Amino acid sequence: MSALRRLWAEQRLALVAFLVALALAGFFGGRMISRALYWADPAHHRQAPEGWMTPGYIARSWHVEVQAVDAILGIADARKLVEDDRPTLEAIAEKLGVPVADLIARLEAGLPDTPPGSAP
């Protein structure tokens, strides 16, 4: 414990910087592990599209490019259409003036025909 007191007394800035770096590494490392475990679960692969999902989520679940999902939906870029970083199918449908069920039907018809990792 005396080493820690000595560091605090003599190198306070370096110790604080180290602790902040350690906390950030822990946070982002934990986040990465959490996401890896989530997407490793087979229950999250090829999920049926729902209104709360984003094109990015659907693309990751179906192992296709986001541009392929946007093409199936008939839009150029969902983020620019809705002006949101994470536009849901509900928000896209509202902006296009169509029912969410129509967008889901387009995805259900187009996704099985899309080869993994493809883009239009």
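Scoring rules and cut-offs
Residue numbers here run from 1 along each chain, matching the order of that chain's written sequence. Where totals are concerned, whole chains, interfaces and linings use all residues; where local detail is concerned, this predicted model gives features only for residues with pLDDT of at least 70, and gives and counts side-chain atom pairs only at 80 or more. Excluded from the side-chain calculations are hydrogens and water; all other atoms, namely the structure's heavy atoms, are used. Helical segments are the DSSP runs of H or I of at least four residues, strand segments are the runs of E of at least two, and each set is numbered from the N terminus. In this description the radius of gyration comes from C-alpha coordinates, and the expected globular size is given by 2.2 Å times residues to the power 0.38. When a residue's accessible area, from a 1.4 Å probe over protein chains only, is under 20% of the maximum for its type it is buried; when over 50% it is exposed; and in between it is partly exposed. Residues count as neighbours in contact if any of their non-hydrogen atoms are within 4.5 Å of one another. Only the protein chains shown count as cover for residues, and the accessible areas themselves come from Shrake-Rupley with a 1.4 Å probe. The charge count treats Lys and Arg as positive and Asp and Glu as negative. His and the chain ends do not count. Throughout, a charge is located at the NZ atom of Lys, the CZ atom of Arg, the CG atom of Asp or the CD atom of Glu. Aromatic rings from Phe, Tyr and Trp, taking only the six-membered ring of Trp, are treated as a pair when their centres fall within 6.5 Å; an angle between ring planes under 30 degrees marks them as stacked, one over 60 as edge-to-face, and anything in between as tilted. Looking at any residue, its pLDDT shows the predictor's confidence there, from 0 to 100.

**Focus: the overall build of the protein chain**
If you tally the helices and strands in the protein chain, you get 7 helices and 0 strands. Walking the protein chain from its N terminus toward its C terminus, one meets helices and strands in the order α-α-α-α-α-α-α. For the protein chain, whose C-alpha radius of gyration is 22 Å, the value lies well above the compact-globule estimate of 14 Å for 120 residues. Over its C-alpha atoms, taken along the principal directions, the protein chain stretches across nearly 65 × 30 × 20 Å. Within the protein chain, buried positions represent 28% of all 120 residues. Counting contacts in the protein chain only where the partners sit at least 6 residues apart, residues at least 24 apart contribute 49% of the total. Accessible surface for the protein chain amounts to roughly 8200 Å². Of this, 60% is attributable to carbon and sulfur atoms. Computed over 12 positive and 14 negative side-chain charges, the inter-centroid distance for the protein chain is 14 Å.

**Quick look at the packing of aromatic side chains**
Per the stated rule, a full pass over the model turns up 4 aromatic pairs. The interplanar angle of 85° and the centroid separation of 5.1 Å between the aromatic rings of tyrosine 38 and tryptophan 39 together place this pair among those described as edge-to-face. Seen from their ring centres, tryptophan 39 and tyrosine 57 are 5.0 Å apart, and the 55° between their planes marks the pair as tilted. Within this pair, whereas tryptophan 39 is found in helix α2 (residues 12–40), its partner tyrosine 57 is found in helix α3 (residues 55–62), the two being separated by 18 residues in sequence. Pair check on accessibility: tryptophan 39 and tyrosine 57 agree, each one buried. Clustering of aromatic rings is evident, with ring pairs tying together Tyr38, Trp39, Trp52 and Tyr57.

**A closer look at the confidence of the model for the protein chain**
Averaged over all residues, the pLDDT of the protein chain is 90; the fraction at 70 or higher stands at 93%. Across the protein chain, the secondary-structure element scoring lowest on mean pLDDT is helix α5 (residues 78–82), at 84, and the one scoring highest is α2, at 96.

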